[in-house]
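This is what each chain is made of:
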Amino acid sequence: FLAFEKSVELSENISEPLKKADSLIMTGGEMAEKHQKVEAKAILEKAQSILNTLPDSKEKMKLLTELSKNLGQSFNIDSALELANTMNNPYEKGEALIKIIKNLKKMHKEQEAYKLLKSVFDLAKDIDLNYEKAILYRKIATEYINFDKKTEAKLALNKAYLLVV
């Protein structure tokens, strides 16, 4: 785990805030994967505080999405949901929520995950770009399959298919 400490140290030396936040988000995500959840949360919160000081941009939105995913992976679901709910891009928000759903299932919170999945299905209609909408519907379908909800999965796949033909 010395590698993580070195990675954080290197990240701290990056002067450009977006790149620093990106590096911290990647390191925090890796730590969460390696079950260092407490350490990951601290690093991810540091990245969030950097992002909070920056003006809105496409790059910032992508990093916020990744941050939300990684917060969920560290099982910090409340912070992940709070962050996802601040996103004004429905595709990026949907991507973050799908990751949170996966982590809720890992935590054996299936009812909460399923309720959130239904809200992501409703959110998908707000996406402007058809290819992004199709991608999210396909991911929604995959999650419905994981819940053994074949009818809902077929509906989501059909919506995705109709967007690309």
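That block above? That's the structure.
Because the structure is predicted, anything quoted here is derived from the model rather than measured.

A.B. asks: What's the story with the overall build of the protein in this structure? I'm lost.
C.D. replies: Scanning the protein from terminus to terminus reveals nine helices and zero strands. The secondary structure elements of the protein, listed N-terminal to C-terminal, are α-α-α-α-α-α-α-α-α. Across the 165 residues in the protein, those meeting the buried criterion constitute 48%. Across the protein, the fraction of contacts at a sequence separation of at least 24, relative to all contacts at a separation of at least 6, is 54%. Total accessible area on the protein stands at roughly 9300 Å², and carbon and sulfur atoms take up 54% of it. For the protein, the centre of its 27 positive side-chain charges and the centre of its 25 negative side-chain charges are spaced 5 Å apart.

A.B. asks: Is there a simple way to explain the environment of Lys118 in this structure?
C.D. replies: Locating Lys118 in the fold gives a position in helix α7 (residues 110–124). On the basis of relative accessible area, Lys118 is assigned to the partly exposed category, the value being 41%. In sequence terms Lys118 and Ile98 are 20 residues apart; their C-alpha atoms lie 11 Å from each other.

A.B. asks: Could you clarify how one ought to interpret the packing of helix α2 (residues 17–33) against helix α3 (residues 37–52) in this entry?
C.D. replies: Between two packed helices, what matters for the description is the angle formed by their axes and the separation of those axes. The contact between α2 and α3 brings their axes to 8 Å, and the two run at 160°. What the angle tells us is that α2 and α3 run roughly antiparallel. Seen from above, α2 lies across α3 with left-handed handedness. Facing Pro17, Leu18, Lys20, Ala21, Leu24, Ile25, Gly28, Gly29, Met31 and Ala32 of α2, the residues of α3 in contact are Lys37, Glu39, Ala40, Ile43, Leu44, Lys46, Ala47, Ile50 and Leu51. Tallied by class, the residues present in the contact of α2 with α3 amount to 13 nonpolar, two polar and four charged.

Calculation criteria
- Residue positions are counted from 1 within each chain, in the order its sequence is given.
- Where local features are concerned, this predicted model is filtered to residues with pLDDT of at least 70; where side-chain atom pairs are given and counted, the filter is 80 or more; whole-chain, interface and lining totals use all residues.
- Hydrogens and water molecules were not included; the side-chain quantities draw on all heavy atoms of the structure.
- Only DSSP runs of H or I covering at least 4 residues are called helices, and only runs of E covering at least 2 are called strands; the numbering of each starts at the N terminus.
- When accessible area is computed with a 1.4 Å probe and restricted to protein chains, residues below 20% of their type maximum are described as buried, those above 50% as exposed, and intermediate ones as partly exposed.
- Every residue pair with non-hydrogen atoms within 4.5 Å of one another is taken to be in contact.
- Accessibility throughout is a Shrake-Rupley quantity obtained with a 1.4 Å probe, and a residue counts as covered only by protein chains that appear here.
- Within this scheme the basic residues Lys and Arg register as positive and the acidic residues Asp and Glu register as negative, but His and the chain ends are omitted.
- Every charge is mapped to an atom, namely NZ of Lys, CZ of Arg, CG of Asp or CD of Glu.
- Every axis in this analysis is a line fitted to C-alpha atoms, fitted for helices over the stretch in contact. Angles between the N-to-C directions lie between 0 and 180 degrees.
- Working rule for angles: under 35 degrees goes down as roughly parallel, over 145 as roughly antiparallel, 65 to 115 as roughly perpendicular, anything else as oblique.
- Two helices cross in a left-handed way if the nearer one is turned anticlockwise from the farther one by less than a right angle. They cross in a right-handed way if the turn is clockwise.
- Residues are sorted three ways: Asp, Glu, Lys and Arg are charged, Ala, Val, Leu, Ile, Met, Phe, Trp, Tyr, Cys and Pro are nonpolar, and all the rest, Gly among them, are polar.

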